[in-house]
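What follows is each chain in one-letter form.
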Amino acid sequence: MDMTKNVAEAITALTEKPVLSTSAERVFILDEIKSEKKDLPQPLRFAFTMQTLLGRVSVPVEPHDLIAGRALDRILTNEEEKRFKEYNDSPDNPNKVVLFDSGHGCYDWQAALDLGLGGLIAKAEERKKTATSDQTVFLNGIIGVLGAISDYIARYADEAERCGKPDLAATLRSVVSDPPKSFRAALQLLWIIALIDCAYVTPNPTLTLGRMDTLLYPYYKNDIRNGTLTRDVAKDYITDYYCKHNLIMGRGEHQVGGEATGFNRMCNFDAPQYMLLAGSDENGNCAANELTELFAECIEPRFKNPVAVVYYTKNMDEERPRLWKILAEKALKSASLMFYNDDAVRAAFGKIGLNKEDTKDFYHFGCNWAAPGLDANWMLGGPKAVKYVTAPRTPEEDEIIRLPFMRSPGTYDHPELFMKVFEELAAKEASGETVTIEDFYTGFFEKCAEYIEKKLAVNHVDLAVRKRAPSSVLDLTDCFLPTSIERAECFSASAKYHFEVHGFRMFGTVADCFITVDTLVFRKKLLTLNGLLKAVKADFIGYEDVLGLVRNVPKYGSDDPFANEHVHRLVTKFNAIIYEKNQPYLEKEGLFLEPCMQSDTWHLKLGEKFGATADGRRAGKSFSQNTNPSPGAAVNGLTAEFNSLLSIPYGELTSGALNLDVEPKAFAGEKGLANFANLLGSYFNRGGLHAQVSSANVEDLEDAMRDPASHRDLRVRVTGYSGVFVDICERLQKDIIGRMKNE
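Not measured: the values here are computed from a predicted model. (Residues numbered from 1 in each chain as written. Predicted model: local features only at pLDDT ≥ 70, side-chain atom pairs only at ≥ 80, totals over all residues. Heavy atoms only, no water.)

### A few points about the overall build of the protein
Helices and strands together make up the secondary structure of the protein, namely 31 helices and 14 strands. Here the protein has a C-alpha radius of gyration of 26 Å; the compact-globule value for 743 residues is 27 Å, and the two agree. Of the contacts made within the protein by residues no fewer than 6 positions apart, 79% connect residues no fewer than 24 positions apart. Total accessible area on the protein stands at roughly 26400 Å², and carbon and sulfur atoms take up 50% of it. Seen as two clouds, the 87 positive and the 105 negative side-chain charges of the protein have centres 1 Å apart. (Helix = DSSP H or I, 4+ residues; strand = E, 2+ residues; numbered from the N terminus. Rg over C-alpha atoms; globule rule 2.2 N^0.38 Å. Contact = heavy atoms within 4.5 Å. Areas by Shrake-Rupley, 256 points an atom, 1.4 Å probe, with all protein chains shown as cover. Lys, Arg positive; Asp, Glu negative; His and termini not counted. Charge placed at Lys NZ, Arg CZ, Asp CG, Glu CD.)

The following block contains the structure:
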């Protein structure tokens, strides 16, 4: 089938959909019922909400649909805008009291395929035979939600029949309650579940779709063997599946700001969905298969979703040369493709203290994080303690669980910690005390440890409150986790493990501060601490000679041996503190922090409000981002940058993003592609953790800022997600261009 129309429709939605387009049906149905069934426990009210919502929303089918499932959106009238605002501000807004807006999770997709909706319902019915009264309410909520989804699929089947698509109708009816038996049916079921989460339930869903090549390979093999499917038809189904993901997105960029649709208007506004590919099998070998290649071949460079997350296994480039060439080529064309080192992530979970069995199903989620497996709950995901309304709480507990997400150890994160230590030690130097670089390490990590202890203590209280009433709330995730059904308890209370990510944020800036101080003050003795501090406080104005010295110090990213030593030491010590502080909580209740290196776009927002730093960064300039060196620090080329990155002990980090920005002309043609593939493969084979590629001409990006209408198709990597460049606000556009220029 010619998929041109499907792809063109998705691209039009991504680039031309009105910025304020709104999921009007969802909003106004929820508004109508927001005050109904208040007397019901939340699990039953959730089921009622889903039954009403999915029973009333449209089920549009287009002639070119191979996979069914769309969500309508449109511009609101002035009167509707007023109602929309009132709905958002209402304390009865279902997303405040019935549904939950955290997202960033993964379902047991294998169970959904093996059992089907009917099998999951039967499992819940069976569990009711031994359930307490609270657990029965919880299970009845699950049964109601799954029943609503079944009815929704049946409505879609009827509509497909009415539209003259009997084959699609038959596919839909085959998964109303039974497990899918064909590749198309399996893909259809997976999409309907994802659609409901991403379009109707969860603002900012950021849903992980699972290892789709592994999940669907048995269906693909069987259909090919039976002659009911060809490779080309399978590609058409996959392409249409990709198209559907992009049709339900809004316009804009969600972290930095600017005019945008927003998650209140459209749940899936600018939220990535992560499709996992390749990785290891149960024997530790590369699990890539023919279907992995199909999913890779179907990646459309102009799409934003799904984001393909390739789990790289050692020597995968040599063992799967055709697949690796496809992936390398797609990486140079698409900003919605990233790589993670499967072995490094698994090793990091082992360092934390988790066993292999519990981490065999680890998955990428959120912007750039890793969850140990399907029985591990991200503390910020799903219902938090404040939602467990029946659980008694002390005033002290209530204050703790209402704290905002503990993202940062200070207002301006780790660079601020360094500057505080700098000022404290400069004062000691001024009083005549001897100061060494060891004092910087001691002071900095004492402050890090204090925050880590607080973060664990807060999560401990949150978890304790949840566990007092584990069956009192129901999340959509619970409906697709057999463990939640078996326990008859909400996953966010009953999971075996509970974790929070803890990032060494703005790492390059901090590392360069250590490197600079040690080089100029302690090794070469060209400056005193107070001399350097005065220059920094003055934003180096009037201290151009000092700034020159600072700028000439080889930094992280230059592959300087001395700089690399500091990099290795900083990360090793940071991780060691987390391991140590984790242990009592991990042993007692399965609670722990994951060490990672991610800053998302906070490097920009916090950097522009913070003064100069000891590495030569001027006031208001961006901090470093994720694992990347600071802007302008990687002066010796990509190979040297990779060598610097490899000084990080990656087997100790569960995650950490690398924005790999390359000029297309640097890897043009077959020879250029081969060079890029070899370079990337070598990086991962030597232990590299992650890479997400943006390949764009700086001239095109700069021209797009002047003439957006002529560059609607430009996609760039933002952080854990990609963006339509002309829909990104100006300050982020400039930051990305600066990244590309390494300045």
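Now that the structure is up, let's keep going.
### Side note on the sheet that holds strand 2 (residues 274-278)
The mixed open sheet is built from 6 strands, whose spatial order is 1-2-3-4-12-11. Of all the strands in the sheet, just strand 1 (208-211) and strand 11 (659-662) have a single pairing partner and so form its edges. The sheet shows a mean angle of 25° between the axes of neighbouring strands, direction not considered. In terms of strand pairing, strand 1 meets strand 2 through 3 bridges, oriented parallel. By the bridge assignment, T208 is partnered in strand 2 with Y274. Together, strand 3 (307-312), strand 4 (337-341), strand 11 and strand 12 (690-695) form the strand contacts of helix 29 (residues 669-685), whose direction differs from that of strand 12 by roughly 160°. (Pairing = 2+ DSSP bridges. Axes fitted to C-alpha atoms, helices over the stretch in contact; angles between N-to-C directions.)

### A look at the packing of helix 2 (residues 24-33) against helix 3 (residues 42-56)
Where helix 2 contacts helix 3, the two axes come as close as 10 Å, and the packing angle between them is 135°. Viewed along their axes, helix 2 and helix 3 adopt a mutual orientation that is oblique. Crossing handedness for the pair helix 2 and helix 3: right-handed. Residues R26, I29, L30, E32 and I33 of helix 2 pack against F48, T49, T52, L53 and R56 of helix 3. Taken together, the residues of the contact of helix 2 with helix 3 break down into 5 nonpolar, 2 polar and 3 charged. (Parallel < 35°, antiparallel > 145°, perpendicular 65-115°, else oblique. Left-handed = near helix turned anticlockwise from the far one by under 90°. Nonpolar A, V, L, I, M, F, W, Y, C, P; charged D, E, K, R; others polar.)

### Remarks on the environment of A260
Following the sequence through the fold, A260 ends up in the loop between helix 11 (231-247) and strand 2. For the pair A260 and C729, spaced 469 residues apart in the sequence, the C-alpha separation amounts to 9.5 Å. Leaving out residues up to four positions away in the same chain, A260 has contacts with V19, L20, R251, G252, E253 and F269.

### Brief notes about the side chain of T719
Relative to the helices and strands, T719 is located in the loop between strand 13 (715-717) and strand 14 (722-724). Exposure remark for T719: the relative accessible area of 0% places this residue in the buried category. In this structure T719 touches Q255, C367, N368, Q598, D600, T601, Q625, N626, N659 and Q692, once residues within four positions along its chain are discounted. (Buried < 20%, exposed > 50% of the residue type's maximum accessible area, 1.4 Å probe, protein only.)

### Quick word on helix 23 (residues 507-523)
Under the 1.5 Å per step criterion, the end-to-end length of helix 23 is 22 Å for 17 residues, consistent within 8% with the ideal 24 Å. Counting buried positions along helix 23 gives 16 out of 17 residues, so the element sits mostly inside the fold. Positive backbone phi, approximately 55°, marks K525, located one or two places after helix 23. (Expected span 1.5 Å × (residues − 1).)

### Description of the pattern of salt bridges
Under the criterion given, the structure shown has 53 salt bridges. Bridged by salt links that share partners, the residues R231, K235, E290, E293, E297 and R322 form one connected network. (Salt bridge = Lys/Arg side-chain N within 4 Å of Asp/Glu carboxyl O.)

### With respect to the sheet that holds strand 8 (residues 497-503)
Two modes of strand pairing occur in sheets, parallel and antiparallel, and in both the strands are linked by backbone hydrogen bonds. As summarised here, the arrangement of the 4 strands in space is 7-8-9-10, forming an open sheet in which the pairing is parallel. Each edge of the open sheet is held by one strand with a lone partner, namely strand 7 (376-378) and strand 10 (655-656). Where strand 9 (residues 591-597) meets strand 10, 2 bridges bridge the pair, whose relative direction is parallel. When the bridges of strand 10 are listed, C596 appears paired with S655.

### Considering unusual backbone geometry
For the bond running from N305 to P306, omega is -10°, close enough to zero to count as cis. Positive phi values are uncommon outside glycine, yet N315 reaches one of about 65°. Positive phi values are uncommon outside glycine, yet N626 reaches one of about 50°. Relative to the elements of secondary structure, N626 occurs in the loop between helix 27 (602-607) and helix 28 (638-645).

### So, the environment of R26
One can find R26 in helix 2. Look at R26 and you get buried, because its relative accessible area is 3%. Separated by 3.5 Å, the side chain of R26 and the backbone oxygen of V201 make a polar contact. (Polar contact = N/O pair within 3.5 Å; in protein donor to acceptor, adjacent residues only side chain to side chain.)

### What about the packing of aromatic side chains?
As enumerated under the stated definition, the model contains 41 aromatic pairs in all. Ring geometry for F418 and F422: centres 6.1 Å apart, planes at 55°, overall tilted. You can see F418 and its partner F422 sitting in helix 18 (residues 413-430), 4 residues apart, about one turn around the helix. With relative accessibility at 0%, the residue F422 sits in the buried group. Ring geometry for F504 and F574: centres 4.7 Å apart, planes at 40°, overall tilted. Taken together, the residues span a long stretch of sequence, with F504 in the loop between strand 8 and helix 23 and F574 in helix 26 (residues 561-589) at a distance of 70 residues. Summarising the burial analysis for this pair, F504 and F574 share the class buried. In this structure an aromatic cluster arises from ring pairing among F418, F422, F440, Y441, F444, F445, F504, F507, F514, F522, Y556 and F574. Between R569 and the ring centre of Y441, over which it is positioned, the NZ or CZ distance is 3.7 Å. (Phe/Tyr/Trp six-rings, centres within 6.5 Å; stacked < 30°, edge-to-face > 60°. Lys NZ or Arg CZ within 6 Å of the ring centre and 35° of its normal.)

### Brief notes about the nonpolar core
Formed by 236 residues in total, the largest nonpolar core has its most connected members in F183, L216, F440 and F480. The biggest single contributor to this core is helix 9 (residues 183-201), with 16 residues. Contacts of F440, omitting those with residues within four sequence positions, involve F418, V421, F422, L425, V435, F514, V517, F522 and L529. With 20 residues, the next largest nonpolar core counts L714, C729, L732 and M740 among its residues. (Core = buried A, V, L, I, M, F, W, Y, C linked by side-chain atoms within 4.5 Å.)

### So, the packing of helix 11 against helix 12 (residues 290-297)
At a minimum axis distance of 9 Å, the contact between helix 11 and helix 12 shows a crossing angle of 50°. The pairing of helix 11 with helix 12 is recorded here as oblique in orientation. The chirality of how helix 11 crosses helix 12 is right-handed. Facing R231, A234, K235, I238 and Y242 of helix 11, the residues of helix 12 in contact are E290, L291, E293, L294, F295 and E297. Partitioning the contact of helix 11 with helix 12 into residue classes produces 6 nonpolar, no polar and 5 charged.

### Some details on the environment of D167
With respect to the secondary-structure elements, D167 resides in helix 8 (residues 166-174). Spatially, the C-alpha atom of D167 lies 9.3 Å from that of L66, the residues being 101 residues apart in sequence. Here the side chain of D167 touches R184 through a polar contact of 3.2 Å, side chain to side chain.

### Thoughts on the pairing of strand 8
Of all the 7 residues making up strand 8, 7 are buried; the element is thus mostly covered by neighbouring parts of the structure. Alternating positions in strand 8 separate into two faces, Y497, F499, V501 and G503 on one and H498, E500 and H502 on the other, with burial throughout. Bridge analysis of strand 7 against strand 8 gives 3 bridges, and the strand direction is parallel. Residue pairing for strand 8: W378 is matched across the bridge by F499. By the bridge criterion, 6 bridges tie strand 8 to strand 9 in an arrangement that is parallel. Across the sheet, H502 pairs through a bridge with P595, a residue of strand 9.

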